[in-house]
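# Examination of the molecular architecture
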Amino acid sequence: MAWGYVALAAVVEIFWVVGLRYSETVLQWTGTGAAIVFSFYFIIKACEKLPSGTVYAVFTGSGAAAILLVDILVFDAGFTWITLSFIGLIVIGVVGIKLTTDEAEGGS
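Summary of the structure given here. (Residues numbered from 1 in each chain as written. Predicted model: local features only at pLDDT ≥ 70, side-chain atom pairs only at ≥ 80, totals over all residues. Heavy atoms only, no water.)

Next up on the list: the overall build of the protein. Across its full length, the protein holds four helices and zero strands. Based on the C-alpha atoms only, the size of the protein along its principal axes is roughly 40 × 35 × 15 Å. Across the 108 residues in the protein, those meeting the buried criterion constitute 30%. Of all intrachain contacts in the protein linking residues separated by at least 6 positions in sequence, the fraction that spans at least 24 positions is 74%. Roughly 6700 Å² of accessible area belongs to the protein as shown, and the carbon and sulfur atoms make up 72% of that amount. (Helix = DSSP H or I, 4+ residues; strand = E, 2+ residues; numbered from the N terminus. Buried < 20%, exposed > 50% of the residue type's maximum accessible area, 1.4 Å probe, protein only. Contact = heavy atoms within 4.5 Å. Areas by Shrake-Rupley, 256 points an atom, 1.4 Å probe, with all protein chains shown as cover.)

This part is about the environment of Ala-64. Relative to the helices and strands, Ala-64 resides in helix H3 (residues 52-73). As a C-alpha pair, Ala-64 and Ile-90 span 26 residues in sequence and 8.7 Å in three-dimensional space.

Our next topic: the packing of helix H2 (residues 26-47) against H3. It is the contact of H2 with H3, at a shortest axis distance of 9 Å, that shows an interaxial angle of 140°. Where H2 crosses over H3, the two elements pack in a sense that is right-handed. Seen from H2, the contacting residues are Ser-39, Ile-43, Ala-46 and Cys-47; seen from H3, they are Ser-52, Val-55 and Phe-59. Within the contact of H2 with H3, the residues separate by chemical class into five nonpolar, two polar and no charged. (Axes fitted to C-alpha atoms, helices over the stretch in contact; angles between N-to-C directions. Left-handed = near helix turned anticlockwise from the far one by under 90°. Nonpolar A, V, L, I, M, F, W, Y, C, P; charged D, E, K, R; others polar.)

Here we come to the packing of aromatic side chains. Under the criterion given, the structure shown has seven aromatic pairs. Site record: aromatic cluster; members linked through ring pairs are Tyr-5, Phe-38, Tyr-41 and Phe-42. (Phe/Tyr/Trp six-rings, centres within 6.5 Å; stacked < 30°, edge-to-face > 60°.)

Take the nonpolar core next. Among the nonpolar cores identified, the biggest contains 16 residues, and Val-6, Leu-50 and Val-55 are the most heavily contacted of them. Elements represented by at least two residues in this core include exactly helix H1 (2-22), H2 and H3. Counting residues per element, this core draws most heavily on H1, which supplies seven residues. (Core = buried A, V, L, I, M, F, W, Y, C linked by side-chain atoms within 4.5 Å.)

This part is about unusual backbone geometry. When glycine is set aside, most residues are seen to have a negative phi, and most peptide bonds are trans. Within the chain, Asp-76 stands out as a residue other than glycine whose phi angle is a positive 55°. Note on placement: Asp-76 falls in the loop between H3 and helix H4 (81-100).

A separate point is the pattern of salt bridges. In the structure shown here, the tally under the stated rule is one salt bridge. Glu-48 is the salt-bridge partner of Lys-45, the closest N and O atoms lying 3.4 Å from each other. Overall, the relative accessible area of 22% leaves Lys-45 in the partly exposed class. (Salt bridge = Lys/Arg side-chain N within 4 Å of Asp/Glu carboxyl O.)

All we've got here are geometric facts, nothing functional implied.
Below you can see the structure in the form of structure tokens.
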């Protein structure tokens, strides 16, 4: 379940990063703030079972890749094959970290 929390944190990160850029109303800013709180809650829950460094590396890497893909697919950001290659490297790194980290390593 700890890896599920990391995945949820990365998904919610997409919403708050987009919210930071596009929020204009009080309701939108409230939603952005709530997304930040939920994202960090999921990170804290994941750190109960996994090493903090692993959680942070996977969270930031997967979140960055996902946000870039959302920018390309939803907001028509520029696309290059080299950018896609670097996203692939991030994904390979995230998968590698997950495969080499035992869920029982972290926690107290």
